[in-house]
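Survey of secondary and tertiary structure
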Amino acid sequence: SLHPLHLLRQAGAVLTSCLWLQRREQISMQQSVSCSRGATINNAMRLGLKTIVYATSIFCPTPTSSFSITSRTFAQDRHQNATFTGESASSLAHLASSPERFAASLNMTIEQVDEAINARKLASTTLNEQLIAIEEDNKQNMTAAEIGRQKHRMICQHRFNHFRNAFVCKKCWTFTPICVCDLFEQRERSDMDSDKKAQLPNGVEKLIVWTHHDEYGRTSNTGSLLPLGLQQTSILMKGLLEHEQIMNEVLCRKNVTPVVLWPDKKSKRASTTISDLNRIIADTSSGNQKNEDSNRGGIVLISIEGTWNTARKMVNKLPPHVLRLDLSDEIRLDFTTPEINEGIFIDNSITTAGETSQSPSAPSLLSPLRRQGKGAKQDNVSTLEATIVALLALGLSVDDASFILNCARRKVKRIQEYTGKTYARD
């Protein structure tokens, strides 16, 4: 009566222990083992495999696998620091318990679901074969670095084409049955602009979400919502050739000032502040800076999507003329002072875990879906939140910022209810 995710983790732990013991005792499952210890290990491995097959079949149903899941107990998982929440009618376990119900939630037939799953499996298998072949065929005429770059390009192209999951919306990066694109499409703007997306502040020409390939398509990502709510905003994947060409063209333009949302703490040069950017925008609008190639030159904001380590590497590979913006003061004020920007970053709503969705130790709205360890820094916020903080300081309206943040919160809540899991805060 345990949740499938809990079963998978327990079965994985059993298999890991058994494989280690089997290697130590030099036991093979294919040969007859007479010793009782070897038989015990083999039996445990078979039980672990059966458990994984059962739990996996719940998440990846086939026409022949239908399970009756009526009630479960969700307990605190101490190892993963995660709390399972109760099932709802749209939860993954509820939908996956019936192939017909799961297919209906995707507006597909069971056959189409199977075809999509098999197509992605085939693409992954083909990619693995190509990666092995390219290394074996080019050992003599290519260096290891060149082979590595070519393999990286192939992996990025595969992620761009097939995402991380066969049933994820290509726009909002949310599971298809709980897609949040409708939240942005239903918006009614009070001004005369027919575009439901908010305009970037004056002086900000473009917003680029520069994304690591491993982050691309991740359902817990919030930066994917920025192009849905803001004009002149795009997501580009580092490592994808066509996206890198677009990025290079933007960075090489002489009539714009590229700024990355990342503080320059280790370099000797001082980080750029919001005051510096407002001064640049004022000079541009007053004609102190010439912009011959465009009617409105200005700031190109670059938000980085990735883990802290991968994001740091991505920032270090940007050209030296790209300014680095330090938002530490703005983030601290926005997330601790309700009077600033009408307190839109401070959300005291109750989550399905039974606690406030934001707290001083983990202010990010994304913290229920991603682990926030002990001693998490106050400015450890999601890419979407950091970008909204910067845009607000540059002139984005509070209404537009609040709308995008609320859509992100609803995405997090839908994923919590759908997957049945949320990370507790330390």
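Just so it is clear, the model here is predicted, and its values are computed rather than measured.

Here we come to the overall build of the protein. From N to C terminus, the protein includes 14 helices and eight strands. When the 426 residues of the protein are sorted by exposure, 46% land in the buried category. In the protein, 71% of the contacts between residues at least 6 apart in sequence involve partners at least 24 apart. Looking at the protein as shown, the accessible area adds up to about 22400 Å², and 50% of this sits on carbon and sulfur atoms.

Helix H6 (residues 144-162) packs onto helix H5 (residues 110-137) with a crossing angle of 170° between their chain directions and a minimal axis gap of 10 Å. The angle between H5 and H6 falls in the class roughly antiparallel. Seen from H5, the contacting residues are Arg120, Ala123, Ser124, Leu127, Gln130, Leu131, Ile134 and Glu135; seen from H6, they are Ile147, Gln150, Lys151, Met154, Ile155, His158 and His162. Classifying every residue of the contact of H5 with H6 gives seven nonpolar, five polar and three charged.

Below, the discussion takes up the pattern of salt bridges. Applying the stated rule across the entire model yields 11 salt bridges. Close ionic contact of Glu205 with Arg253 constitutes a salt bridge, the shortest N to O distance being 2.7 Å. With Glu205 in strand S3 (residues 204-211) and Arg253 in the loop between helix H9 (241-252) and strand S5 (256-260), this pair connects stretches of sequence that are 48 residues apart. In this structure, the salt-bridge partner of Asp214 is Arg218, at a minimum N-O distance of 3.3 Å.

What is expected of a backbone is that most residues other than glycine have negative phi and most peptide bonds are trans. Here Gln232, not a glycine, exhibits a phi torsion of approximately 55°, which is positive. With respect to the secondary-structure elements, Gln232 resides in the loop between helix H8 (226-229) and strand S4 (233-237). One non-glycine residue, Glu342, lies in the positive phi region at around 60°. Looking at where Glu342 falls in the secondary structure, it is placed in the loop between helix H12 (328-336) and helix H13 (383-394).

Moving on: the side chain of His213. Along the chain, the position of His213 falls in the loop between S3 and H8. Excluding residues that lie within four positions of it along the chain, His213 makes contacts with His152, Ile155, Cys156, Arg159, Met237 and Lys238.

Along S5, five of the five residues are buried, which leaves the element largely enclosed by surrounding structure. Because side chains alternate across S5, one face comprises the buried residues Val256, Pro258 and Val260, and the other comprises Thr257 and Val259, equally buried. Summarising the sheet, S5 and strand S6 (residues 298-305) pair through five bridges and their orientation is parallel. Bridging from a neighbouring strand, Pro258 pairs with Val300 of S6.

Right, let's get into the packing of aromatic side chains. Scanning all chains against the criterion turns up nine aromatic pairs. Taking 5.8 Å as the distance between ring centres and 90° as the angle between the ring planes, the aromatic pair formed by Phe184 and Phe403 counts as edge-to-face. Residue Phe184 is located in helix H7 (residues 181-185), and its partner Phe403 is located in helix H14 (residues 398-419); the two are separated by 219 residues in the primary sequence. Neither residue differs from the other here; Phe184 and Phe403 are each classed as buried. Joined through ring pairs, the aromatic side chains of Phe160, Phe163, Trp173 and Tyr216 make up one cluster. Stacked on the ring of Phe163, the Lys or Arg Lys170 has its end atom at 4.2 Å from the ring centre.

Summarising burial for S4: five of the five residues are buried, a large majority. Burial along S4 is two-sided: Thr233, Ile235 and Met237 and Ser234 and Leu236, pointing in opposite directions, are all buried.

It is worth spelling out H5 at this point. For H5, with 28 residues, the first-to-last C-alpha span of 40 Å sits near the 40 Å given by 1.5 Å per residue. Where H5 is concerned, the buried positions are Ile110, Val113, Asp114, Ile117, Arg120, Ala123, Leu127, Leu131 and Ile134. Looking at the buried side of H5, the elements it contacts are helix H4 (99-105) and H6.

Basis of the calculations
- Residue numbers restart at each chain and count upward from 1, following the sequence in its written direction.
- Side-chain atom pairs in this predicted model are given and counted only at pLDDT of 80 or more, local residue features only at pLDDT of at least 70, and totals for whole chains, interfaces and linings cover all residues.
- Neither water nor hydrogens contribute to the side-chain values; these are computed over all heavy atoms in the structure.
- Here a strand is any run of E in DSSP of at least two residues, a helix any run of H or I of at least four, and the numbering for each starts at the N terminus.
- Using a 1.4 Å probe on the protein chains alone, a residue whose accessible area is under 20% of its type maximum counts as buried, one over 50% counts as exposed, and one in between counts as partly exposed.
- We call two residues in contact when some of their heavy atoms are within 4.5 Å.
- Note on areas: Shrake-Rupley, 1.4 Å probe, and residue coverage restricted to the protein chains presented here.
- Fitted lines through C-alpha atoms give the axes, limited to the stretch in contact for helices. The angle between two N-to-C directions lies from 0 to 180 degrees.
- The scheme is simple: roughly parallel for angles under 35 degrees, roughly antiparallel for over 145, roughly perpendicular for 65 to 115, oblique for anything else.
- In the scheme used here, Gly and all other residues not listed as nonpolar or charged are polar, with Ala, Val, Leu, Ile, Met, Phe, Trp, Tyr, Cys and Pro taken as nonpolar and Asp, Glu, Lys and Arg as charged.
- We define a salt bridge as a side-chain nitrogen of Lys or Arg found within 4 Å of a carboxyl oxygen belonging to Asp or Glu.
- Between any two strands, at least two bridges found by DSSP are needed for them to pair.
- In this scheme Phe, Tyr and Trp rings, the latter by its six-membered ring, pair at centre separations within 6.5 Å, and the angle between planes marks the pair as stacked below 30 degrees, edge-to-face above 60, and tilted otherwise.
- The rule for a charge over a ring is simple: NZ of Lys or CZ of Arg within 6 Å of the ring centre, and within 35 degrees of the ring normal.
- To estimate how far a helix should extend, the number of its residues minus one is multiplied by 1.5 Å.

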